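So the chains spell out like this:
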Protein chains: 2
Amino acid sequence: GKRVFQRSRNAPLRSLMARTGFRVQRNLLFASSLVRKAGIRTGGGCCLAFLRSSRRFVAMGTQPAGLSILVLGDKNDTSLEPLKQLPDGASIVAVENNPDSIEDSVLERATCVYASCKGKVGVNLPKIYSKMPNLTWVHSQTAGVDTIMFPEFANDEKVTLTNAKSVYNKSLVEYVIFAMMYFAKDCQRLLRNQRNRTWDAFFIEMIRHKTLGVVGYGDIGRDCARTAKQAFNMKIVALRRRPSLSDGDGIADEVYGPDQLHEMLGKCDYVLCAAPLTRATKHFFNADAFSAMKKSTVFLNIGRGPVCQEAALVDALASGAIRGAALDVFEKEPLSKESKLWELENLLLSPHNADLTELCRVEATEHFLELIQKSVAGEPLGNVIVDKKAGY
Amino acid sequence: GKRVFQRSRNAPLRSLMARTGFRVQRNLLFASSLVRKAGIRTGGGCCLAFLRSSRRFVAMGTQPAGLSILVLGDKNDTSLEPLKQLPDGASIVAVENNPDSIEDSVLERATCVYASCKGKVGVNLPKIYSKMPNLTWVHSQTAGVDTIMFPEFANDEKVTLTNAKSVYNKSLVEYVIFAMMYFAKDCQRLLRNQRNRTWDAFFIEMIRHKTLGVVGYGDIGRDCARTAKQAFNMKIVALRRRPSLSDGDGIADEVYGPDQLHEMLGKCDYVLCAAPLTRATKHFFNADAFSAMKKSTVFLNIGRGPVCQEAALVDALASGAIRGAALDVFEKEPLSKESKLWELENLLLSPHNADLTELCRVEATEHFLELIQKSVAGEPLGNVIVDKKAGY
């Protein structure tokens, strides 16, 4: 059962704490059965903690010393350069794209895999997985880890998965600000006028003082909202499963629960979907949701495609029920050549590249390097562990 | 001569101070001859002060009580609504677009003109100017006052001109951020791919960590730089006539003087021209300036058109010497149908409407209302006076 760590009389926990250099922190509750599992899982190097403030499990412990890293990726990828500064206690055993080229002894030695964007990890990791008995940690250079989730790995409790989640947020924030302004400044009209050599000094809009509604008010949604509010004075309304978690967060002016979706949508000039895909969010944005929006509303999706029912969105855009949309994600990717989305003038379409930037990829490796440094120094890794069961 | 006000033994000044409710402030130097003129000019209601920190003359005094305002504008213009809350001591004598419809007795009574955007002030004010013996104050709803500067008015020392300068900055800031992102996200490529139904997940750029060079680092340029730095972590290099004025302003990372233009341009990913048009700045951006930029640089002009030599810019854009440009202002406006600028794909062209927003127009009237309130309360107007000789 759960209990406050400080008061625990659980000897294995105390021992784990001593071995991992773990520090007791306020507001932490531990599920001792999970901690025991974690102790087994990483050979005593990692434990899980339930952080009351965010209600998430976080990796608090460390990986074992003597990290041997197999990089699945391209040797010439400049985004791997930060790995030249590995600390003592960590080494790279190979950088490879082709799993057949990796010797079995190398695979056996590796305790960690760095899954770079160019490593075709979804294809390559399954091929070598059974030959890696000492593997305890897979770190993904990307935020999304859907492609890595083959069953053998997803169900393997002895291998921890971490990702570069928040590293890409800044790129998504820029895309969201850009997409809102694309409509506020009526970029289509500017470009049409230019093609027609028409001088037409129309009134443009500002995003300032407009209302941005964020559905899926997690890490990414909140970063977008923060910039929208702090730099452009937008009003922020948020929707999340448990509204009370964001009361008084200093960003959201109003926070709603899922059953208040339509009420919230009616207030928004821009609606940002940054929700993960779960059974509850699939087709969350359907015909009813688009009907609840104002005719002047612009819908943005940077979360997951299937959260929006594309057929309903096509109708809403084609009929003018809403003003426009910007989509970076789609129900099926790549988007089919036959999709009606391509031909809509009031749609800004990007091929899931809103966070595809070289800068972020380099920073993702720098972020991995920080985790390695923490790991070999016996410090907690922080909040980067992926819940493999939930898939994010 | 100049002297510190507190130590002045100048009786007229002391008397003026008493009548206007003027408060002595630190760092103020007064040119007593100017103050005397100001005393005459406004019937004792206004004086000029030389503010040491900004090295500008500012209006410190007030308009005479009993402000009678003639609004040159459209009666149905919603941006005039804030004037419904005029304080005691101020009244509107007429709202008119057609000067022939205004009775002479009304013109005679008016002490103040509010030159709204829709008032065709450049045409209408000259027609009635000689019939307004009590006029002491013209306030412009716009930032630019070029069109009001007919000689009779420009040389008239008894009429003060104020404007809504900084009210429009926020709109320009949005445009500048939008224009940079238009290139960073390669909007043209996104739109072309959409037209061709091509799924092409290319790497996009971020503006973060890029260098923004601001030429004409005044009020507007600094507001753009502040948002670029604070919201998007851009590096800021600035160029102004007197670099020392911006040392340690907390925004610019480096400040250059005009003779260092080429050195500065070589460092920029984005170059923002926000300079006023003077003899020194005309064609400041010529072929040499564009040659000094990197091939990846994007040039933005929101200042005044003639600061950029358009023929040289066309060459630089067509030859790929620079990556792109966003122009909101032109050497001649409206831009001629024959201009080569229209056909350049790497140019984002807007018809001087980057600050044309309803929100700003309403706020400009709110700003005027604040000045009226200060005026009738006998408080200083603040830094809104236009140097009619300089034209800005």
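Refer to the structure presented above.
Source: prediction; values computed, not measured. Once a new chain begins, its residue numbering starts again from 1 and follows that chain's sequence as written. Think of it this way: whatever chain is written first is A, whatever ligand is written first is 1, and the rest follow in order. Side-chain atom pairs in this predicted model are given and counted only at pLDDT of 80 or more, local residue features only at pLDDT of at least 70, and totals for whole chains, interfaces and linings cover all residues. Hydrogen atoms and water are omitted, and side-chain values are computed over all heavy atoms in the structure.

J.: Account for the overall build of chain A, with residues named and values stated.
T.: Looking only at helices and strands, one finds 12 helices and 16 strands in chain A. Residues counted as buried form 54% of the 392 residues belonging to chain A. A separation threshold of at least 6 residues defines the contact pool for chain A, and within that pool the share at least 24 residues apart is 64%. Roughly 16,800 Å² of accessible area belongs to chain A as shown, and the carbon and sulfur atoms make up 49% of that amount. The way it works is that DSSP assigns letters per residue, a run of H or I at least four long becomes a helix, a run of E at least two long becomes a strand, and they are numbered from the N terminus. Three exposure classes are used, based on accessible area relative to the maximum for each residue type with a 1.4 Å probe and protein chains only: buried under 20%, partly exposed in between, and exposed over 50%. Contacts were defined at the residue level, with two residues in contact if any of their heavy atoms lie within 4.5 Å. Exposure was quantified through the Shrake-Rupley algorithm and a 1.4 Å probe, taking into account, for residues, occlusion by the shown protein chains and nothing else.

J.: Give me the lowdown on the packing of aromatic side chains, citing residues and values where you can.
T.: Any two rings among Phe, Tyr and Trp, with Trp reduced to its six-membered ring, count as a pair given centres within 6.5 Å; such a pair is stacked if its planes are under 30 degrees apart, edge-to-face if over 60, and tilted if neither. Taken as a whole, this structure holds 26 aromatic pairs over all chains when the rule is applied. Both rings, one in A:Trp137 and one in A:Phe368, keep their centres 5.7 Å apart while their planes meet at 65°; by these two values the pair is edge-to-face. With A:Trp137 in strand S8 (residues 137-140) and A:Phe368 in helix H12 (residues 358-377), this residue pair connects regions lying 231 residues apart in the sequence. An identical accessibility class is assigned to A:Trp137 and A:Phe368; each is buried. Ring centres 6.2 Å apart and planes at 10° place the aromatic pair A:Phe178 and B:Phe178 in the stacked group. One end of the pair, A:Phe178, is in helix H6 (residues 169-184); the other, B:Phe178, is in helix H6 (residues 169-184), on a second chain. Every member of this aromatic cluster is reached through a ring pair, and the members are A:Phe178, A:Tyr182, A:Phe183, B:Phe178, B:Tyr182 and B:Phe183. Placement of a positive charge over a ring is assigned whenever Lys NZ or Arg CZ falls within 6 Å of the ring centre and within 35 degrees of the normal to the ring plane. For the cation-ring pair, A:Arg222 lies above A:Tyr217, with the distance from its terminal atom to the ring centre recorded as 5.6 Å.

J.: Quick one: what's the story with the interface of chain B and chain A, residue by residue and with numbers?
T.: Bring the parts together and some accessible area is lost; that lost area is often taken as the interface size. Listed by partner, the interface residues are 58 residues for chain B and 58 residues for chain A. For the pair chain B and chain A, the summed buried surface comes to about 5,200 Å²; carbon and sulfur atoms form 66% of the total. If you sort the residues of chain B by the area they bury against chain A, B:Glu174, B:Arg197 and B:Trp199 come out on top, with a joint share of 18%. The salt bridge criterion pairs a side-chain nitrogen of Lys or Arg with a carboxyl oxygen of Asp or Glu, the two atoms within 4 Å. Our enumeration of links across chain B and chain A arrives at 6 salt bridges. N or O atoms closer than or at 3.5 Å make up a polar contact, with two conditions inside protein: a donor-capable atom paired with an acceptor-capable one, and, for residues adjacent in sequence, both atoms drawn from side chains. The interface formed by chain B and chain A contains 26 residue pairs in polar contact (both at pLDDT 80 or more). Looking at the side of chain B that touches chain A, the elements that each hand over two or more residues are H6, helix H7 (187-195), helix H8 (219-232), strand S16 (347-349) and helix H12 (358-377) of chain B. Here the side of chain B that touches chain A takes 8 residues from H6(B), the largest share from any one element. Just so you know the grouping, Ala, Val, Leu, Ile, Met, Phe, Trp, Tyr, Cys and Pro go in nonpolar, Asp, Glu, Lys and Arg go in charged, and all remaining residues, Gly too, go in polar. Partitioned by chemical class, the residues of the side of chain B that touches chain A number 31 nonpolar, 13 polar and 14 charged. By definition, the buried area sums, over both parts, the 1.4 Å-probe accessible area that each loses when the two are put together.

J.: Pulling in residues and values, what's your account of the side chain of B:Gln188?
T.: Residue and element names in this part refer to chain B. Residue placement: Gln188 occurs in helix H7. Judged by its relative accessible area of 14%, Gln188 falls in the buried class. Within the structure, the side chain of Gln188 is placed 3.0 Å from the side chain of Tyr182, a separation counted as a polar contact.

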